[in-house]
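# Working through the structure, step by step
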Amino acid sequence: MAPHTVLPSSLVLENLEQTIVSGFGTLESQQDFRTPEFEEFNGKPDSLFFNDGQRRIDFVLVYEDESKKETNKKGYNEKQRRKRRAYESNLICDGLQLEATRSVLDDKLVFVKVHAPWEVLCTYAEIMHIKLPLKPNDLKTRSSAFGNFNWFTKVLQVDESIIKPEQEFFTAPFEKSRMNDFYIQDRDTFFNPATRSRIVYFILSRIKYQITDNVKKFGINKLVSSGIYKAAFPLHDCNFSTPSKDLSCPNERYLLYREWAHPRSIYKKQPLDLIRKYYGEKIGIYFAWLGYYTQMLLLAAVVGVACFLYGYFNQNNCTWSKEVCDPDIGGKIIMCPQCDRLCPFWKLNATCESSKKLCIFDSFGTLVFAVFMGVWVTLFLEFWKRRQAELEYEWDTVELQQEEQPRPEYEARCTHVVINEITQEEERVPFTTWGKCIRITLCASAVFFWILLIIASVIGIIVYRLSVFIVFSAKLPKNLNGTDPIQKYLTPQMATSITASLISFIIIMILNTIYEKVAIMITNFELPRTQTDYENSLTMKMFLFQFVNYYSSCFYIAFFKGKFVGYPGDPVYWLGKYRNEECDPGGCLLELTTQLTIIMGGKAIWNNIQEVLLPWVMNLIGRYRTVSGAEKNTPRWEQDYHLQPMGKLGLFYEYLEMIIQFGFVTLFVASFPLAPLLALVNNILEIRVDAWKLTTQYRRMVPEKAQDIGAWQPIMQGIAILAVVTNAMIIAFTSEMIPRLVYYWSFSVPPYGDHLNYTMEGYINNTLSYFNIVDFKNKNKDNPYTGLGDHTSCRYRDFRHPPGHPQEYKHNIYYWHVIAAKLAFIIVTEHIIYSVKFFISYAIPDVSKSTKSKIKREKYLTQKLLHENHLKDMTKNMGVIAERMVEVVDNNLRPKVD
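Since the structure is predicted, the reported quantities are computational estimates derived from the model, not experimental observations.

## Regarding the UniProt feature "transmembrane region" (unreviewed entry) in the chain
- Feature annotation in UniProt places "transmembrane region" (unreviewed entry) on residues 286-313, 364-384, 447-474, 494-515, 542-560, 658-681, 709-733 and 813-834, given in this structure's numbering.
- Along residues 286-313, the helical share is 100% and the strand share 0%, with 40 Å between the first and last C-alpha atoms.
- Along residues 658-681, the helical share is 71% and the strand share 0%, with 13 Å between the first and last C-alpha atoms.

Put into structure tokens, the structure is as follows:
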């Protein structure tokens, strides 16, 4: 069907100009719209209807009566009251019906209940292109993928005797002129509560309440943000813990809590159809995506745990770790100081424990797991596209015809008149092309400034590392033997890494909290036209910031720390003052693992505190403020008012949290194979925590339509592509796998090595270069030489020629072999994984063949049904016309009798 071309602004708002007098609507007929008959609601706390028990409450507006406020701002209060009265008067002019009731707990609060009659619902359903039922659909839309294993999966399924499957329908965009074609058995249930609330919110967002200097001010969001109304929300249908006493109530909230949000249902699949019906497709698609992501994490977690166990059980066979711990090898290797002053010489076996831990993560299993995750992420994204296509068919959003209207904030600023290039007609815009360029430049500059601020914080952490490492080096190691218990388990590198990671996490969370507000301010100043544009713009700003905020420290440890340190006689300095950090003799991989563990674990704990504890405490405080024992007799709208508001951005922060986690799981998984397991455990809890939060702690959100997860899909695809590069570089430059392989295959045997067979023996000695102590610069003369005995040289981690060589302290041939091997590994690995990824993407279509057939079949049957109905009407009309024409002809041909 062709989409409707009449916009609400011209259809509905045009006739409201006459109600605006001196900037405010002042229809006297609405002075006494409030009803005093509140007593009848005392016995029905779960009532969802007006006082007459017939008209359903589709939305609730809450305000504080100015006449009962204890304030001297009479002029301000009168201005607020007049704006509200104008708004409510215009709502009634637009066809909505209102009923007001005072609070039973706080006499200052007034609840305005909104009801949309049948005619209003039909009018706006046509404007919004809402698809409604034509005829019951007898096609099979769902089939089990487990076949004979249904007896096993039945335990995981939602009990259909409790949550009954929804009846399927053929649907089409609603048109009042073809109302007889639609499946209307009962006008009261034709529009379900979610659709009714969505239509009413659409109207509330576009009704004017003031005109100042030819600028229209309208929309419930503006009124709530300015304090004229305290809240605006649709109602929950019942209490979450007990079903409603009203037999006509479907008790969907109670069912969702019992079968979805309750901890005892943690092992069950989600009732996605009921979630979609109650909260709308936008929330339904989020939980569908989160559930599918969690299912796919199960496979990644199993492989990750297997690789971890492989490294754990083989750590005792790690030759190079044995050499570090061997008193005759590592105990006799004197290492050079890692700072200019106070840092002593130390023995290599002081890092024995950290080298054992490193063997767990820096093993052959790491390479296998990194390659596996490169394939896994592609499979996840491709199979999710197929699942998403199935949901589009099942939830009837395949052809979502919805002309998205401009945001009220955008329309209110439209003062400039321009000529539309397509229609060649005049239209109003908020600013000129030059003004738009200025806004974009200012917004981009602000985002760039905050990214630089994050980079500055990272540099601050690096400076902290460099400074505090000197202190730990001077305090922790008391001898060169490495036998002190503290020194054995807490090396200067480990102490610096742990404290720096904790401080980095705190700074990340502080900057995150501040930037959330700044990003919203920047996006509001940018003034996107539609809500989708607004969310996409905010998504990109927030993700760009979060990407730098969360991942910058990990990128530093993985790819920069220990890479540009020079050598003991000529170290590299930061800002000419701070000597660059060095990695442990085994590399920086263990430190990267520590950083990931702290950030992922701390982030999960912090988010759960924010999502669970904070709203629970706020609601608990709200309940204590109410009259004791009055909650049982409090009407539904007042109970919902005391719940927490979800916020303007809805599930934006939930998506952002999961996408950041997705980045940790994929970008740095080569250093931490247990990351998918942590993510799996977190997500299993996250689904139920989010469900509990929505059903028990928050007001009901306005249902919204959505086909997919929006801008988050291309963001995940970008992360998946980047993950191949980062993991290949972690294996090549952060772990010691490539140098060990080069030594094993080339330098352990002649002509470079002394061993007759391929072996890892002698690897540690081969990777440590010599430095003559007398070649230290003046800065190093203060280092204590106690315990060195007859040693005149120390060792450091690099591949350089020894003192006395014609090219002393220059890189040797082994260094260039390793660099060549690392670059070759990155290029070969990337090409192989990218080839596999592209092949998988090509081989797996985004929409399955069966889903395509179902979509085409349903579309054909829908068009056939509409066409047949249209033909019936035409045939009936043509028959009537033909009969009349025959009568006329007969009358004309019949001979006249004088």
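## Let's talk about the pattern of salt bridges
- Within this structure, the stated rule accounts for 25 salt bridges.
- The partner of K113 in a salt bridge is E99, with the nearest N and O atoms 2.9 Å apart. Taken together, the residues K113 in strand β3 (residues 109-115) and E99 in strand β2 (residues 97-102) connect sequence positions 14 residues apart. Per residue, the accessibility class of K113 equals that of E99, and both read buried.
- Residues E166 and K277 are paired through a salt bridge, measuring 3.3 Å at the closest nitrogen-oxygen approach. Taken together, the residues span a long stretch of sequence, with E166 in the loop between α4 (150-153) and β5 (169-173) and K277 in helix α9 (residues 272-279) at a distance of 111 residues.
- The exposure class assigned to E166 is partly exposed, which follows from its relative accessible area of 37%.
- Shared partners join several salt bridges into a network, and the residues in it are E166, E252 and K277.

## Looking at a nonpolar patch on the surface
- A surface patch of nonpolar side chains, amounting to about 700 Å² of accessible area, comprises I605, I609, L613, L614, W616, V617, M618 and I621.
- Take V617: it is sitting in helix α19 (residues 589-625).

## So, the pairing of β5
- Within β5, 4 of the 5 residues are buried, leaving the element largely enclosed by the surrounding structure.
- Summarising the sheet, strand β4 (residues 131-136) and β5 pair through 5 bridges and their orientation is antiparallel. Among the inter-strand pairings, K131 is bridged to a residue of β5, identified as P173.

## As for the sheet that holds strand β1 (residues 59-64)
- Reading across the sheet, the 4 strands line up as β2-β3-β1-β8 and stay open at both edges, with antiparallel pairing between neighbours. Lying at the two open borders of the sheet, with one neighbouring strand each, are β2 and β8 (231-233). The average undirected angle you get between the axes of adjacent strands in this sheet is 20°.
- Bridge count between β2 and β3: 6 bridges; the pairing is antiparallel. Looking at β3, one finds that A100 is bridged to V112.
- Along the sheet, helix α6 (residues 193-204) contacts β1 and β3; its crossing angle with β1, the most-contacted strand, is approximately 45°.

## Some thoughts on the packing of aromatic side chains
- The final tally for this structure, using the stated rule, is 55 aromatic pairs.
- R84 extends its terminal NZ or CZ atom over the ring of Y63, reaching a point 3.7 Å from the ring centre.
- Positioned above the aromatic ring of Y770 is the side chain of R795, whose terminal nitrogen or guanidinium carbon lies 3.8 Å from the ring centre.

## Brief notes about the nonpolar core
- Ranked by internal contacts, the top residues of the largest apolar core, which has 140 residues, are W260, W289, Y293, W376, F380, F664 and F668.
- The element contributing the most residues to this core is helix α10 (residues 281-313), with 15 residues.
- Counting 45 residues, the second largest nonpolar core, distinct from the first, contains L61, M128, V200 and Y209.

## Some points on the confidence of the model for the chain
- On average, residues of the chain carry a pLDDT of 79, and 78% of them reach 70 or more.
- Contacts of residues 1-42 to residues separated by more than four positions or lying in other chains number 88 contacts, the stretch itself having pLDDT below 50.
- Contacts for the low-pLDDT stretch residues 143-149, under 50 throughout, to residues beyond four places or in other chains number 3 contacts.

About the criteria used
Residues numbered from 1 in each chain as written. Predicted model: local features only at pLDDT ≥ 70, side-chain atom pairs only at ≥ 80, totals over all residues. Heavy atoms only, no water. UniProt positions renumbered as here; feature names shortened; annotations may be inferred. Helix = DSSP H or I, 4+ residues; strand = E, 2+ residues; numbered from the N terminus. Salt bridge = Lys/Arg side-chain N within 4 Å of Asp/Glu carboxyl O. Buried < 20%, exposed > 50% of the residue type's maximum accessible area, 1.4 Å probe, protein only. Patch = residues over 30% accessible without salt bridge, like charges linked within 9 Å, V, L, I, M, F, W, Y side chains within 5 Å. Areas by Shrake-Rupley, 256 points an atom, 1.4 Å probe, with all protein chains shown as cover. Pairing = 2+ DSSP bridges. Axes fitted to C-alpha atoms, helices over the stretch in contact; angles between N-to-C directions. Contact = heavy atoms within 4.5 Å. Phe/Tyr/Trp six-rings, centres within 6.5 Å; stacked < 30°, edge-to-face > 60°. Lys NZ or Arg CZ within 6 Å of the ring centre and 35° of its normal. Core = buried A, V, L, I, M, F, W, Y, C linked by side-chain atoms within 4.5 Å. pLDDT = per-residue confidence, 0-100.

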